[in-house]
Amino acid sequence: MKKLLCLFSAFGACLFATAQTSVADTSRFPQPVTFTTQQDHAHMLQQLGITQLRPGPSGNESAPNHANYDASKANPCPQLPDLLTTANGKKVTTPQQWWQQRRPEIAELFEREVYGRLPQNIPKVTWSVRITDREFVGFTPVLARQLTGRVDNSAYPLINVEINMILVIPMNVKGPAPVLILFGRPNFPNPAQPNPEQMEQINDALKSLLVKEQPALKAVFEQYPAYNPLTRTSTFPFGPPPAGEPSPTEQLIAAGWGYAILDPASIQADHGAGLTRGIIGLVNKGQPRKPDDWGSLRAWAWGAARALDYLETDTLVNAKMVGIEGVSRYGKAALVTMAFEPRFAIGLIGSSGKGGATLHRRVFGEAVENLTGSGEYHWMAGNYLKYGAAAGATGSKSGCDLPVDAHQLIAMAAPRPLFISYGIPEKGDARWLDQQGSWMATVAAGSAYKLLGAKDLGLSNNYLTEKMPPVLTGLLDGHLGWRQHDGGHTDAPNFRYFIPWANKLLGYEKYHRFSLRKTNIAPRHNIYLHII
């Protein structure tokens with residue numbers, strides 16, 4: 001016993017010495033700057049010489065400064081930057097000109113003026129599997145992995161970045177599965193549980209601990225001898241299917257797709273005070289951004305690319321068929337991901353609004369001035385604040401002064417399949433998002449798809465005259481897709497259309513692992529038949 005105590009004492013002394021060494025090591029590094037959001041915002045304005053910003057309009061339609069919803073005033077500068085004309089005025093008529101000249105020009109402008117540049121010195125990410133669990137989604141067996149991507153912080157150990165992700169793969173398909181990465185909070189879909197005998201052991205141990213901590217609980221447990229603090233959650237899959245539409249992840253699994261849920265907050269915080277932390281803060285060694293440094297949208301897109309790095313190493317994943325999905329601010333991030341990371345095969349962009357698929361120069365609902373205000377500026381490069389300036393070194397600028405716009409961001413994904421999704425204001429997908437502005441950008445982007453030999457919406461590319469189709473009318477015959485569902489601020493109702501559209505364009509057919517029988521996307525009551 002004495003030997004054991006000595007061993008523990010020695011081990012503790014070793015840990016203490018290591019901790020002391022670690023403190024001594026980190027003391028050599030400057031402490032990270034701690035700003036409030038308002039302080040960081042003001043610091044960027046100071047760098048840019050901006051003395052006054054125009055305030056953004058209110059989303060409250062009864063407020064005195066409410067946003068514009070008059071369509072006749074929505075297009076103060078209707079002519080968009082020409083997608084297929086180079087900076088020196090030359091018309092782009094071949095794919096070679098697009099790849100070698102025009103697309104790099106557009107990417108440079110987006111990096112400098114809108115989303116920021118990726119630094120040259122971003123450290124390596126090392127992925128590890130923390131938990132592997134065999135579960136069921138509906139009646140489909142799946143393999144679920146909890147993953148952590150640890151970013152090397154040896155150059156600045158005062159900031160830790162660990163990227164969190166859950167990967168779920170159906171186990172009833174033959175061959176590697178396509179995967180859709182969704183921005184969101186990672187959770188296991190249906191964790192495996194201890195059997196009844198093991199639950200009894202756990203409850204007995206827990207009761208003993210509780211009684212030891214609170215002796216009065218002994219009388220309670222004696223009064224209710226059948227009561228157990230912990231109970232198993234029912235996961236029996238043979239009952240009647242739940243009412244309503246299956247969730248997007250259930251639909252993906254039933255169709256033979258895997259999915260990954262990637263936590264954006266583990267990459268970069270969604271507020272300005274976090275810009276000296278997270279991956280942006282780590283690379284900047286805790287110091288504030290410069291005007292052309294990346295913002296949160298570009299950081300989240302970088303994180304998605306690192307998730308794809310891991311998926312390329314997983315033999316259960318078809319890394320050539322990995323897509324990206326997001327809604328609202330994460331819809332913006334998903335579109336930025338598609339624009340800047342060519343390895344992603346397909347994208348589903350949900351209700352992304354300004355900074356995503358909606359034209360910046362449109363004045364309808366959310367405005368450039370909202371993106372340059374302290375609530376949203378962190379999504380963008382610092383240079384973007386110039387376009388909300390009323391006075392200062394750069395003068396007064398607006399969205400009309402931007403050298404690029406959303407149609408060019410969409411075009412950067414060409415010729416890869418891209419599905420633009422919206423809901424309706426009556427159900428919560430507010431007019432603030434400017435669905436019409438996204439429609440115009442998608443129409444205009446089609447000329448790049450055509451140039452590269454892919455089919456766009458099947459319309460002309462005249463964004464000023466093409467009419468937005470009625471709700472529930474999908475334009476899904478090409479690589480560029482559009483559909484406005486009749487739900488709210490979500491893309492869930494469009495998954496039943498996205499999945500077959502993606503399967504067709506990617507050439508994916510689900511084969512059952514055992515019977516090798518082709519299956520199609522099915523309503524929920526048929527999902528349970530796949531492995532009988």
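Shown above is the structure to which this text applies.
A few points on the structure. (Residues numbered from 1 in each chain as written. Predicted model: local features only at pLDDT ≥ 70, side-chain atom pairs only at ≥ 80, totals over all residues. Heavy atoms only, no water.)

1. What about the environment of Met-440?
Using the following cut-off: The way it works is that DSSP assigns letters per residue, a run of H or I at least four long becomes a helix, a run of E at least two long becomes a strand, and they are numbered from the N terminus. Any two residues whose heavy atoms approach within 4.5 Å at even a single point are treated as in contact.
Along the chain, Met-440 falls in helix H12 (residues 435-451). Between the alpha carbons of Met-440 and Tyr-463 there is a distance of 4.7 Å; along the sequence they are 23 residues apart. The contact partners of Met-440, leaving out residues within four places of it in the chain, are Asn-75, Leu-359, Arg-362, Tyr-463 and Leu-464.

2. Overview of the pairing of strand S8 (residues 346-350)
To be explicit about the condition: Remark: exposure states derive from per-residue accessible area (1.4 Å probe, protein chains only) relative to the maximum for the residue type, with buried under 20%, exposed over 50%, and partly exposed in between. Here the rule is simple: two strands pair whenever DSSP picks up at least two bridges between them. With the strands aimed away from the viewer, a crossover counts as right-handed if its path from the first strand over the helix to the second runs clockwise.
Buried residues dominate S8, accounting for five of its five residues. Residues Ile-346, Leu-348 and Gly-350 point to one face of S8 and Gly-347 and Ile-349 to the other, with burial holding for every one of them. Pairing of strand S7 (residues 317-327) with S8 involves five bridges; the strand directions are parallel. Each bridged residue has a counterpart across the sheet, and for Gly-326 the counterpart in S8 is Ile-349. Handedness of the crossover joining S7 and S8 through helix H9 (residues 329-340) is recorded here as right-handed. Note: S8 against strand S10 (residues 418-422), four bridges, orientation parallel. Looking at the pairing, Gly-347 lines up with Leu-418 of S10.

3. Observations regarding the sheet that holds strand S11 (residues 480-484)
Using the following cut-off: Think of each axis as a best-fit line through the C-alpha atoms, taken over the contacting stretch in the case of a helix, with angles from 0 to 180 degrees between the N-to-C directions.
Strand order in the open sheet made by the nine strands is S2-S3-S4-S6-S5-S7-S8-S10-S11, with mixed pairing throughout. Taken across any chain shown, the strands that pair with only one partner, and hence form the sheet edges, are strand S2 (125-137) and S11. On average, each strand axis in the sheet is inclined to that of its neighbour by 20°, with strand direction left out of account. Lying on the sheet, H12 is in contact with S10 and S11; it crosses S11 at an angle near 165°. Against the sheet, helix H13 (residues 495-506) engages strand S5 (177-183), S7, S8, S10 and S11, with an angle of about 160° to S8.

4. Comments concerning the state of the cysteines
Disulfide: a covalent bond connecting the sulfur atoms of a pair of cysteines. Heads up, the condition is: To count as a disulfide, a pair of cysteine sulfur atoms needs to be within 2.5 Å.
Tallied over the full model, the rule gives one disulfide. Between the sulfur atoms of Cys-77 and its disulfide partner Cys-400 the distance amounts to 2.0 Å. For the disulfide bridge between Cys-77 and Cys-400, the dihedral angle about the S-S bond is near -85°, and by the sign convention the bridge is left-handed. With Cys-77 in the loop between strand S1 (50-53) and helix H3 (95-115) and Cys-400 in the loop between strand S9 (389-392) and helix H11 (406-411), this pair connects stretches of sequence that are 323 residues apart. Classification of Cys-77 as buried rests on a relative accessible area of 16%.

5. Examining H13
What counts is decided by this rule: The length a helix should cover is 1.5 Å for every residue beyond the first.
The terminal C-alpha atoms of H13, which comprises twelve residues, lie 16 Å apart, in line with the 16 Å expected from a rise of 1.5 Å per residue. By the burial criterion, the buried members of H13 are Phe-495, Phe-498, Ile-499, Trp-501, Ala-502, Asn-503 and Leu-506. Contact partners of the buried residues in H13: S5, helix H6 (248-254), S7, S8, S10 and S11. Phi turns positive, to about 70°, at Gly-507, one or two residues after H13.

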